[in-house]
Amino acid sequence: MRRLLSAAVIVAAALACAHPAQADSAQTSVVSANPVDFTPHVLDGTVWSMALVGDTVVVGGAFTKVADSTRKHTYARKNIFAFGLSDGEIRSFAPEVDGAVYSLATGPSSTVYAGGAFKSVNGSAQRGVTRLGLNGERVSSFSARINWGDVRALQARGSSLYVAGTFSAINGVNRDALARVSALTGAVDTGFDPRLTAPGLSRTRVEHFDISPDGSRLVAIGALLKASGYDRTQIAMFGVAGPSAVLLNWYTDAYKPACMKGFDTYLRQIKFAPDGKYFVVAATGRASSPDRLCDSAARFETLGNGRHNPTWVQRTGGDSLYAVAVTGSAVYLGGHQRYFDNPYGTDAKGPGPGAVARPGIGAVSPITGKALSWNPTRARGVGVRCFLVVPHGLLVGSDTDELGREYHGRIGMFPL
């Protein structure tokens, strides 16, 4: 069934939230399980990230070709492209980025920040992070660059841009895996140093982070064991409203138990709720069990000092979760899972008592963590890598071409 939305309504809603995104937007209901038909298709590789700039959706990943919604016209687009939110029309935006784009963040004045494993942009050396105009030009006044590794998460806040990944320095200033730079120039904020370390691991890595809607707290997840000298296994919370990164007396031991050998971290994505009262962490691990948080999603309350345990845990029974979106009415989860509500299931033995099928994508209650009835299905592949909540729906980026039992090449949108 073809789903069409009023272009005027869509554009107005998009412009209303054209400023750099904070937490996911609140939505009063769960989105439809029937995706719209006008989104374009990515024909190879993986979509890793999306950002909304006005009425334009910018898409980053590791790919080489895209097609319009009818699949009659194919375009060369390497690692980054853009399309219209209201009509799916592929834009002329086509910067030359020589490596995968893992993260995107809406910037000021109709620009977008891109982070990833690239070393040059439009022929100019700029490793790991850049700022682009919607005309595809590199904003040369933004000169941040990492020393090695990659950038996996970005978020713009006022005059600052937060950058996270596997690097150990930006612009020659030592910063392990997480830094704050000027949103305009890329100059490192020298007063902001989370002092993340991972003794015994091969490197410190921030896989993802999110900032609370009021801008006061940042939660980072990844291959980290200490923050500012204190034990923080895989997850740490900082106060970031002031000039420095203040490690807060919020912690959890829930991610201390190991999953399958070889995971320096099994946490993959974290998102705050629109009201900032809680956040949800999505994890892989390949060792699901009722007493560990491998292959799970878990809700934690934001406030309070000391040790925190999860409010609830959603377990898949041995399949990875990579992406999460929190809208207040639902928590959307994506990966290559087969089941939800499956604490006693395993890869070898199959689903346990009470398990419900949710192949590749699903939604759970923000209150209980139990599966909601929303079950559009998708071809599982490696998994969903990103969600983007927009005022009228939910965009999904992945590595497969079936979503909601229809052909959708690595991109789809479920409308409200």
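Attention here is on the structure that accompanies the text. For clarity, every value in this text was computed on a predicted model and none was experimentally measured. (Residues numbered from 1 in each chain as written. Predicted model: local features only at pLDDT ≥ 70, side-chain atom pairs only at ≥ 80, totals over all residues. Heavy atoms only, no water.)

1. Section: the packing of aromatic side chains
Under the defined criterion, the tally for this structure stands at 14 aromatic pairs. Between tryptophan 48 and tyrosine 102, the ring centres sit 5.1 Å apart and the planes meet at 75°, which makes this aromatic pair edge-to-face. Of this pair, tryptophan 48 sits in strand S2 (residues 46–53) while tyrosine 102 sits in strand S7 (residues 101–107); the two residues are 54 residues apart in sequence, bridging distant segments of the chain. A residue is classified by how much of its surface remains accessible, and tryptophan 48, at 28% relative accessible area, is partly exposed. (Phe/Tyr/Trp six-rings, centres within 6.5 Å; stacked < 30°, edge-to-face > 60°. Helix = DSSP H or I, 4+ residues; strand = E, 2+ residues; numbered from the N terminus. Buried < 20%, exposed > 50% of the residue type's maximum accessible area, 1.4 Å probe, protein only.)

2. A word on the sheet that holds strand S20 (residues 226–227)
Pairing in this open sheet of 3 strands is antiparallel, and the strands run S17-S20-S21 from one edge to the other. Lying at the two open borders of the sheet, with one neighbouring strand each, are strand S17 (196–197) and strand S21 (230–231). Two strands pair when backbone bridges link them, and S20 and S21 are joined in this way by 2 bridges, in the antiparallel orientation. Within S21, the position partnered with alanine 227 by the bridge is tyrosine 230. (Pairing = 2+ DSSP bridges.)

3. Describing the side chain of serine 228
Note on placement: serine 228 falls in the loop between S20 and S21. With sequence-adjacent residues up to four places away left out, serine 228 is seen in contact with Pro194, Arg195, Phe238 and Leu247. (Contact = heavy atoms within 4.5 Å.)

4. Thoughts on the pairing of strand S35 (residues 386–390)
The element S35 is largely enclosed, with a buried count of 5 among its 5 residues. Both S35 and strand S36 (residues 393–397) contribute to a ladder of 5 bridges, which runs antiparallel. Paired with valine 389 across the strands is leucine 394, a residue of S36. The hairpin turn running from S35 into S36, its antiparallel successor, is 2 residues long.

5. Looking at the environment of proline 40
Along the chain, proline 40 turns up in the loop between helix H1 (7–16) and strand S1 (41–42). Considered as a pair, proline 40 and isoleucine 221 are 181 residues apart in the sequence and their alpha carbons are 32 Å apart. The residues touching proline 40, leaving out its near neighbours within four places in the chain, are Ala67, Asp68, Ser69, Phe81, Phe83, Gly88, Ile90, Gly409 and Ile411.

6. Quick word on the pattern of salt bridges
Counting across every chain of the model gives 16 salt bridges. Between aspartate 193 and arginine 175 there is a salt bridge whose closest N-O contact spans 3.7 Å. Placement of aspartate 193 in the loop between strand S16 (178–182) and S17 and of arginine 175 in the loop between strand S15 (173–174) and S16 is noted, with a sequence separation of 18 residues between them. In this structure aspartate 193 comes out as partly exposed when scored by relative accessible area, which is 29%. Looking at arginine 175, the relative accessible area reads 7%, which means it is buried. For glutamate 301, the salt bridge identified is with arginine 299, shortest N-O distance 2.7 Å. It is possible to trace a salt-bridge network through shared partners that takes in Asp150, Arg152, Arg205, Glu207 and Asp264. (Salt bridge = Lys/Arg side-chain N within 4 Å of Asp/Glu carboxyl O.)

7. A few points about the sheet that holds strand S18 (residues 205–211)
Either a parallel or an antiparallel arrangement is found when strands of a sheet pair, and the pairing is made through backbone hydrogen bonds. Taken in spatial order, the 4 strands make up an open sheet running S18-S19-S22-S23, and their pairing is antiparallel. Among the strands making up the open sheet, the edge pair consists of S18 and strand S23 (246–247). Two strands pair when backbone bridges link them, and strand S19 (residues 217–223) and strand S22 (residues 235–239) are joined in this way by 5 bridges, in the antiparallel orientation. Bridge assignment links isoleucine 221 to a residue of S22, and that residue is isoleucine 235.

8. Observations regarding the pairing of strand S34 (residues 361–364)
One face of the sheet, then the other: side chains in a regular strand alternate in exactly this way. Because side chains alternate across S34, one face comprises the buried residues Ile361 and Ala363, and the other comprises Gly362 and Val364, equally buried. By the bridge criterion, 4 bridges tie strand S31 (residues 331–335) to S34 in an arrangement that is antiparallel. Bridge pairing links valine 331 to valine 364 in S34.

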